[in-house]
Amino acid sequence: MSVYRVRMYSGFQRTLTADRVVVNGDNICFERSRNGSWVAALQLPTQLVTRVRRRCVQPDGTVTWNVEKPEPSTY
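Residues numbered from 1 in each chain as written. Predicted model: local features only at pLDDT ≥ 70, side-chain atom pairs only at ≥ 80, totals over all residues. Heavy atoms only, no water.

Peer 1: Would you take a moment to explain the overall build of the chain for this structure?
Peer 2: If you tally the helices and strands in the chain, you get 0 helices and 8 strands. Counting from the amino terminus, the chain carries its helices and strands in the arrangement β-β-β-β-β-β-β-β. For a compact globule of 75 residues, the expected C-alpha radius of gyration is about 11 Å, and the chain comes in at 13 Å, within 12% of that figure. Counting only C-alpha atoms and orienting by the principal axes, one finds that the chain spans roughly 40 × 35 × 15 Å. Counting all 75 residues of the chain, 25% fall into the buried class. Accessible surface, the chain: about 5,000 Å² in total, of which carbon and sulfur atoms supply 47%. Distance from the positive charge centre (11 side chains) to the negative charge centre (6 side chains) of the chain: 8 Å. (Helix = DSSP H or I, 4+ residues; strand = E, 2+ residues; numbered from the N terminus. Rg over C-alpha atoms; globule rule 2.2 N^0.38 Å. Buried < 20%, exposed > 50% of the residue type's maximum accessible area, 1.4 Å probe, protein only. Areas by Shrake-Rupley, 256 points an atom, 1.4 Å probe, with all protein chains shown as cover. Lys, Arg positive; Asp, Glu negative; His and termini not counted. Charge placed at Lys NZ, Arg CZ, Asp CG, Glu CD.)

What follows is the structure, given as structure tokens:
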């Protein structure tokens, strides 16, 4: 499971774990896989979110935060 950091226009920042991030209509959905289906861990209106980053641990142990560009949902 990946660790994501979401920054809102208000300055609020939240860190959470999810298996994937998708755009579902006007919302960004952070989802987890449960029993073969996707369950929303967090859903936010896209107009409130300024940036989504995913934590990546490099082979040497250093941590980087990569900016994500969520894709539209296919379901």
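Peer 1: Just to check I follow, could you spell out unusual backbone geometry for this structure?
Peer 2: Backbone geometry follows two general trends: most residues other than glycine have a negative phi, and most peptide bonds adopt the trans configuration. Even without a glycine there, the phi angle at Asn35 is positive, about 50 degrees. You can see Asn35 is positioned in the loop between β4 (27-34) and β5 (37-45).

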